[in-house]
Amino acid sequence: MVTRTRFDDSDCPVARSVDAIGDWWSLLIVRDAFDGSRRFGEFQRSLGVAKNILTARLRALVAGGVLETVPASDGSAYREYVLTPKGKALFPVVVALRQWGEQNFFAPGEEHSRMVDREQGEGLRALEVRAADGRALGPDDTVVRKVPPG
């Protein structure tokens, strides 16, 4: 059996993030949680994923503090999965992936889902990376530096 490489002790925030939520099932579960899915069956119907895979991903997301289980909102004996504050902090990541996908993987006029502002019903402005002073930044405008401990 192939052992999965772990990055939970890496000094790179991207590597640690990928370690926590980097497989496609986990990101799609988070997406569905943002869209209102809360129960195992809802995730399974939406994703069409095998029960054993979904169970493993949900357990990992709970263990990683991205989701938590709570009593079912209808008072039944079931448990539901809800995003924690750590999970809700993934919202800009999901929006960025959605916008990147819209821009790069659909032909002009091709039907696709679109995230809109619930209050106004309008599409979202494209996410931008900005400097502390407000300037728009691109890949050539940044550099990664190590942060000393402490």
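The paragraphs below set out a description of the structure included in this document. (Residues numbered from 1 in each chain as written. Predicted model: local features only at pLDDT ≥ 70, side-chain atom pairs only at ≥ 80, totals over all residues. Heavy atoms only, no water.)

**Observations regarding the overall build of the protein chain**
Looking only at helices and strands, one finds 6 helices and 2 strands in the protein chain. Counted from the first residue to the last, the protein chain has its helices and strands arranged as α-α-α-α-β-β-α-α. In terms of principal-axis extent, the alpha carbons of the protein chain reach across some 50 × 45 × 30 Å. Here the protein chain holds 150 residues, and 23% of them are scored as buried. (Helix = DSSP H or I, 4+ residues; strand = E, 2+ residues; numbered from the N terminus. Buried < 20%, exposed > 50% of the residue type's maximum accessible area, 1.4 Å probe, protein only.)

**Some remarks on the packing of helix 3 (residues 40–47) against helix 4 (residues 51–63)**
At a minimum axis distance of 11 Å, the contact between helix 3 and helix 4 shows a crossing angle of 120 degrees. Here helix 4 runs oblique to helix 3, going by the angle between their axes. Handedness of the helix 3/helix 4 crossing: right-handed. Seen from helix 3, the contacting residues are Phe40, Phe43 and Gln44; seen from helix 4, they are Lys51, Leu54, Thr55 and Leu58. For the contact of helix 3 with helix 4, the residue count by class is 4 nonpolar, 2 polar and 1 charged. (Axes fitted to C-alpha atoms, helices over the stretch in contact; angles between N-to-C directions. Parallel < 35°, antiparallel > 145°, perpendicular 65-115°, else oblique. Left-handed = near helix turned anticlockwise from the far one by under 90°. Contact = heavy atoms within 4.5 Å. Nonpolar A, V, L, I, M, F, W, Y, C, P; charged D, E, K, R; others polar.)

**So, helix 4**
The terminal C-alpha atoms of helix 4 lie 18 Å apart, and with 13 residues this matches the ideal 18 Å at 1.5 Å per residue to within 8%. Within the span of helix 4, buried status applies to Leu54, Leu58 and Leu61. One side of helix 4 holds all its buried residues, which, seen down the axis, span an arc of 65 degrees. Along helix 4, the residues that are exposed and aim more than 90 degrees away from the buried face are Asn52, Arg59 and Ala63. The elements touched by buried residues of helix 4 are helix 1 (13–21), helix 2 (24–34), helix 3, strand 1 (67–71) and strand 2 (79–83). (Expected span 1.5 Å × (residues − 1). Arc of directions from axis to C-beta.)

**Details of the environment of Asp141**
The topology assignment puts Asp141 in the segment after helix 6 (91–104). By relative accessible area, which is 51% here, Asp141 ends up exposed. Polar side-chain contacts of Asp141 include one of 2.9 Å to the backbone nitrogen of Gly138. (Polar contact = N/O pair within 3.5 Å; in protein donor to acceptor, adjacent residues only side chain to side chain.)

**Side note on the packing of aromatic side chains**
Tallied over the full model, the rule gives 3 aromatic pairs. With 6.3 Å between their ring centres and 70 degrees between their planes, Phe43 and Tyr81 make a pair best called edge-to-face. Residue Phe43 is found in helix 3, and its partner Tyr81 is found in strand 2; the two are separated by 38 residues along the sequence. Tyr81 carries the same exposure label as Phe43, and that label is buried. An angle of 80 degrees between the planes, with centres 5.1 Å apart, marks the rings of Trp100 and Phe105 as edge-to-face. According to the relative accessible area criterion, Phe105 is exposed, its value standing at 53%. (Phe/Tyr/Trp six-rings, centres within 6.5 Å; stacked < 30°, edge-to-face > 60°.)

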